[in-house]
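# An overview of the molecular structure
Below are the chains, spelled out letter by letter.
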Amino acid sequence: MSLRTRLAAREILLTPGVYDGLTAALAEQAGFEALYLSGAAVAYTRLGRPDIGLTSVSEMADTMALIRDRVDLPVIIDADTGFGNALNAQRTMRLYERAGAHALQVEDQTFPKRCGHLSDKSLIPKGEMAGKIAAMADARASDETLIIARTDAVAVEGFEPALERAEAYIEAGADVLFIEALRSDGELQTVADHFRGRIPLLANMVEGGATPIRSASDLEALGFSIVIFPGGVVRALARTAEAYYASLHANGSNRPFSDRMFDFDGLNARIGTADMLAKGKRFEDDGRA
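In this text, all values refer to a predicted model and were calculated from it rather than measured experimentally.

### Some points on helix α4 (residues 57-70)
- The first and last C-alpha atoms of α4 sit 20 Å apart over 14 residues, in line with the 20 Å expected at 1.5 Å per residue.
- Buried residues of α4: V57, M60, A61, T63, M64, I67 and R68, and no others. Relative to the axis of α4, the buried residues are bounded by an arc of 160° and lie together on one face. Exposed side of α4, more than 90 degrees from the buried face: L66 and D69 are the residues found there.

### Structural notes on the nonpolar core
- L35, L37, I77, Y96, L104 and I133 are the most contacted members of the largest nonpolar core, which totals 38 residues.
- In terms of nonpolar packing, the next biggest core, distinct from the first, is built from 24 residues, L188, M205, L219 and L222 among them.

### Some details on the pattern of salt bridges
- What the rule picks out here adds up to 18 salt bridges.
- The salt bridge involving R10 is made with E220; its shortest N-O contact spans 2.7 Å. Placement of R10 in the loop between α1 (3-6) and β1 (13-18) and of E220 in helix α10 (residues 216-222) is noted, with a sequence separation of 210 residues between them.
- Judged by its relative accessible area of 64%, R10 is exposed.

### Concerning the side chain of K121
- Note that K121 resides in the loop between β4 (103-107) and α6 (126-139).
- According to the relative accessible area criterion, K121 is buried, its value standing at 10%.
- At a separation of 2.9 Å, a polar atom in the side chain of K121 contacts the side chain of D152.
- When near neighbours in sequence (up to four residues on either side) are disregarded, K121 contacts Q109, R114, C115, G116, D152, A155, V156, E180 and A181.

### A short note on the side chain of T63
- Relative to the helices and strands, T63 is located in helix α4.
- With residues near it in sequence (within four places) discarded, T63 still touches Y19, L37, V42 and R46.

### So, the sheet that holds strand β5 (residues 146-151)
- Read around the closed barrel, the eight strands follow the order β1-β2-β3-β4-β5-β6-β7-β8; overall the barrel is parallel. Across the sheet, the mean angle from the axis of one strand to that of its neighbour is 25°, orientation sign disregarded.
- The sheet strands contacting α4 are β1, β2 (35-37) and β3 (75-78), and the helix crosses β3 at an angle near 165°.

### Concerning the environment of R235
- By the secondary structure assignment, R235 is in helix α11 (residues 232-251).
- Put simply, R235 and A41 are 194 residues apart on the chain and 9.2 Å apart in space, counted from C-alpha to C-alpha.
- Ignoring any residue separated from it by four or fewer positions in sequence, one finds R235 in contact with V206 and E207.

### Section: the packing of aromatic side chains
- Applying the stated criterion across every chain yields a total of two aromatic pairs.
- Linked through ring pairs, Y244, Y245 and F257 together constitute an aromatic cluster.

### Focus on unusual backbone geometry
- With an omega dihedral of 0°, the bond running from F111 to P112 counts as a cis peptide bond.
- Note on placement: P112 falls in the loop between β4 and α6.
- Residue D80 is not a glycine yet carries a positive backbone phi of 50°.

### With respect to a nonpolar patch on the surface
- Together, L22, L26, F262, L267 and I271 give the surface a local cluster of nonpolar side chains, amounting to about 400 Å² of exposed area.
- Elements represented by at least two residues in the nonpolar patch include exactly α2 (21-30) and α12 (264-271).
- Secondary-structure assignment places I271 in helix α12.

How each quantity is defined
- Residues numbered from 1 in each chain as written.
- Predicted model: local features only at pLDDT ≥ 70, side-chain atom pairs only at ≥ 80, totals over all residues.
- Heavy atoms only, no water.
- Helix = DSSP H or I, 4+ residues; strand = E, 2+ residues; numbered from the N terminus.
- Expected span 1.5 Å × (residues − 1).
- Buried < 20%, exposed > 50% of the residue type's maximum accessible area, 1.4 Å probe, protein only.
- Arc of directions from axis to C-beta.
- Core = buried A, V, L, I, M, F, W, Y, C linked by side-chain atoms within 4.5 Å.
- Salt bridge = Lys/Arg side-chain N within 4 Å of Asp/Glu carboxyl O.
- Polar contact = N/O pair within 3.5 Å; in protein donor to acceptor, adjacent residues only side chain to side chain.
- Contact = heavy atoms within 4.5 Å.
- Pairing = 2+ DSSP bridges.
- Axes fitted to C-alpha atoms, helices over the stretch in contact; angles between N-to-C directions.
- Phe/Tyr/Trp six-rings, centres within 6.5 Å; stacked < 30°, edge-to-face > 60°.
- Patch = residues over 30% accessible without salt bridge, like charges linked within 9 Å, V, L, I, M, F, W, Y side chains within 5 Å.
- Areas by Shrake-Rupley, 256 points an atom, 1.4 Å probe, with all protein chains shown as cover.

Here's what the structure looks like:
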C-alpha cells in the first residue's frame, strides 16, 4: 500500500522519529507503519548541535539511503526549506527520492531555518513558497512521492495568515498540510474543521513545545491524518546516555547500569546478526571454479 493510499484511511498514521538504521529497525520491530526522518534528530545526533539549519542536504540524503538499506517502511523525510530556492528544492526532491523517501516535508521559513518550536523565526513570501511546492511537484519522479507543505506562520504572522498561506500551498500542489506550532486545542480543532475532507493534515508533537501534547487517538478524533513524534527518541536516548556515562565514570564498570542495557546477545538479536551471518554463508566459496 502506498503512503497516499494509506492516508485515505480514517485511522491516523502514528509516525515515530528516527535518525539512523538502528532506530529505524527498532521502530519497525515495534510495529509502526511509517517512519519520520527528522532533520532536528540528525542535527542532534550526527552533529551534536541544535536544529538551526546546520544539517546539509547531502547529510540528510545519506542518512535516508542508510535507513532505506535497513527497512522497507515508508519514510517521511524533513526537507527543511528545500535548502534554498525553487531550483534547490527540485534538487532536494530528486536526491531524497533516489535515496528512498516516500514523502518530503518542506517549510516556508527563510534559510537557514530553525526548529519550529524556537522563537524568532522568519518566513519567505507566500508566493515564493508556493513556487517551491510547484517546482518540487514538477521534479518528482513518481506521483506517489508526497509533498508535505509546512507553514510556520502562526508564530510569525498569526493564526489567520497561517490559514491563508495553507490555502495557497494547497493550490500550488501540496499533498499534505502541516501548520506548525499550533498553540491550543482550539487552534488544532479550527485547523481540522477548516480543511476537513480537502487534504490530509499532519500534527507535530514535541515535548515542551508550543503545541499541547495529545495522543494519536485524540488527534484522529479531531480529523488529523498523520501525527509525528520527531525528536522523542533522541530526548529519550540522550537522557539514558547521560545517566549511563555518569554511572560508568563514577563506578568504573557497567555493572550498576546493566539492568538498563541490552547485553551483547540481546543487541545482536535485535539487529539480526544471526540471520545476516546465515545469509552470508549462502554465498561463501563452495569450491566451484
